[in-house]
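# A look at the structure
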Amino acid sequence: MDIQLLGCVEARAHTGGRLPLPHGTRLLLAALAWTPNAFVADEVLIERVWPERRPQRPLDALYIQATRLRKALRADGLGDDGFKLSRRRGGYVLAIDEQSVDTARFRALVRQAQHAVRAGDADTALALYGRALELWRGEPLSDVRTAWAESARVTLRREHREALVGSTELYLRAGRHEECLPQLHWLADMHPFDEKVTGLLMLALYRGGRQADALDCFQLLRLRMVDLLGCEPGPDLRALHERILTGDASLLLGVPYAASV
């Protein structure tokens, strides 16, 4: 079984078929798969599944959804080999191979990529980052509109950004600035006040012979910050802007820009 949270919530058999799950059952699956193999208290699950209109008997309703989830998965022939939804006193545990949950796979691949970076193996790190980023199928938990899901999305968006920035820095170190430009443009659109992202985009454009475009990126960010935040870009980005403005040839090698992430 494969559980998808990086997109709409889905459960798929190993054959690739999507398992039909009612909305409430999908919510319970997401609430449990967010922390696989961990105990989740009844009150936490009830809040995640019914954040506004609680059933008259929420514990009974939760038991019904758990029963439906077990039946839906077993109906596909998965049995208890692929998962086990266990009732514990005061809550539930979804016992499952963490590699079956895309968020857990994403995090494991990012950790491996970071380890490869520390070991000096950039090629392996780029491949691992690539595999991690390929798991994203759109907005995380896109069909769950609750306070809990929004909090989870904030966490996942931050992790996604960090993985994109990490892979982009590796591309720049390898002199592959053209390959990461689409990714950087997307990041800059998604994080219009992010000085780290703007700096990397400026560096990639400059290395591609687009000095004027790099300088325009700085001016656009500066105007946004002054108009909407009432402040100037930080010293790291201002220093990078000055070096690009003067045509600093040393920027063509390595990654000297080191604004905080």
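Predicted model only: the values in this text are computed from it and were never measured.

Criteria and thresholds
- Residues numbered from 1 in each chain as written.
- Predicted model: local features only at pLDDT ≥ 70, side-chain atom pairs only at ≥ 80, totals over all residues.
- Heavy atoms only, no water.
- Phe/Tyr/Trp six-rings, centres within 6.5 Å; stacked < 30°, edge-to-face > 60°.
- Helix = DSSP H or I, 4+ residues; strand = E, 2+ residues; numbered from the N terminus.
- Buried < 20%, exposed > 50% of the residue type's maximum accessible area, 1.4 Å probe, protein only.
- Lys NZ or Arg CZ within 6 Å of the ring centre and 35° of its normal.
- Contact = heavy atoms within 4.5 Å.
- Expected span 1.5 Å × (residues − 1).
- Bend = angle between axes of the 7 residues up to and from the residue.
- Pairing = 2+ DSSP bridges.
- Axes fitted to C-alpha atoms, helices over the stretch in contact; angles between N-to-C directions.
- Parallel < 35°, antiparallel > 145°, perpendicular 65-115°, else oblique.
- Left-handed = near helix turned anticlockwise from the far one by under 90°.
- Nonpolar A, V, L, I, M, F, W, Y, C, P; charged D, E, K, R; others polar.
- 1 Å grid on protein atoms, 1.4 Å probe; cavity = no way out; pocket = protein on both sides within 12 Å on 5 of 7 lines; lining within 4 Å.
- Points joined across faces, edges and corners; volume = space filled by probe spheres on them.

Time to look at the packing of aromatic side chains. Tallying each qualifying case throughout the model produces two aromatic pairs. Ring centres of W34 and W148 lie 6.3 Å apart, and the angle between their planes is 85°; this geometry places the pair in the edge-to-face category. Taken as a pair, W34 in the loop between helix 1 (23-33) and strand 3 (39-41) and W148 in helix 6 (residues 147-173) lie far apart in primary sequence, 114 residues in all. Ring centres 5.6 Å apart and planes at 75° place the aromatic pair F106 and W136 in the edge-to-face group. Remark: W136 occurs in the loop between helix 5 (122-134) and helix 6 and F106 occurs in helix 4 (residues 102-118); sequence separation between them is 30 residues. In this structure, F106 and W136 share a single accessibility class: buried. The lysine or arginine in question, R87, covers the ring of Y92, its NZ or CZ lying 4.7 Å from the ring centre. Here the guanidinium or amino end of R107 rests over the ring plane of W34, the centre of that ring lying 5.0 Å away.

With respect to the helices and strands, H177 occurs in helix 7 (residues 177-190). Not counting residues within four places of it along the chain, the set of residues in contact with H177 comprises Y171, L172, A204, R207 and G208.

Okay, helix 7 next. For helix 7, which comprises 14 residues, the first-to-last C-alpha distance of 20 Å matches the rise-based estimate of 20 Å (1.5 Å per residue) to within 8%. Q183 marks where helix 7 bends most, by close to 30°. If you check which residues of helix 7 are buried, you get H177, C180, L181, L184, L187 and A188. Where helix 7 is buried, its residues contact helix 6 and helix 8 (195-207).

With that settled, the discussion passes to the pairing of strand 5 (residues 91-96). Burial of strand 5 is extensive: five of the six residues sit out of reach of the surface. Pairing geometry for strand 3 and strand 5, over three bridges, is antiparallel. Bridge pairing links V40 to Y92 in strand 5. Looking at chain direction, strand 4 (residues 83-88) and strand 5 are connected through six bridges and run antiparallel. Bridge assignment links R88 to a residue of strand 5, and that residue is G91. Counted along the chain from strand 4 to the antiparallel partner strand 5, the turn is two residues long, and its residue G90 has a positive phi close to 85°.

Moving on: the packing of helix 4 against helix 5. Their axes nearest at 8 Å, the elements helix 4 and helix 5 cross at an angle of 165°. One way to sum up the angle between helix 4 and helix 5 is to call them roughly antiparallel. Here helix 4 runs over helix 5; the crossing is left-handed. In this structure, helix 4 uses F106, L109, V110, Q112, A113, Q114, A116 and V117 to contact helix 5, whose residues at the interface are T124, A125, L128, Y129, R131, A132 and L133. Across the contact of helix 4 with helix 5, the residue classes tally to eleven nonpolar, three polar and one charged.

Attention now moves to helix 1. Burial runs high along helix 1: ten of the eleven residues are buried. All of the buried residues along helix 1 are G24, T25, R26, L27, L28, L29, A30, A31, L32 and A33.

This part takes up the environment of G24. Tracing the backbone through its elements, the reader meets G24 in helix 1. Considering only alpha carbons, one finds G24 and E47, 23 residues apart in sequence, at a separation of 12 Å.

The subject of this paragraph is the sheet that holds strand 4. What the three strands build is an open sheet, ordered 3-5-4; its pairing is antiparallel. For this open sheet the edge positions go to strand 3 and strand 4, each flanked by a neighbour on one side alone. The mean inter-strand angle of the sheet, taken between neighbouring strand axes irrespective of direction, is 25°. Strands strand 3, strand 4 and strand 5 of the sheet are contacted by helix 2 (residues 42-49), whose axis makes an angle of about 70° with strand 3.

This part is about the layout of surface pockets. Roughly 210 Å³ of internal volume is contained in the largest pocket. W136, G138, E139, P140, R157, H160, R161, L164, W186, L187, M190 and H191 together form the lining of the largest pocket. Elements represented by at least two residues in the lining of the largest pocket include exactly helix 6 and helix 7. Considering each element in turn, the lining of the largest pocket owes the most residues, four residues, to helix 6. Among the residues forming the lining of the largest pocket, the class breakdown is six nonpolar, three polar and three charged.

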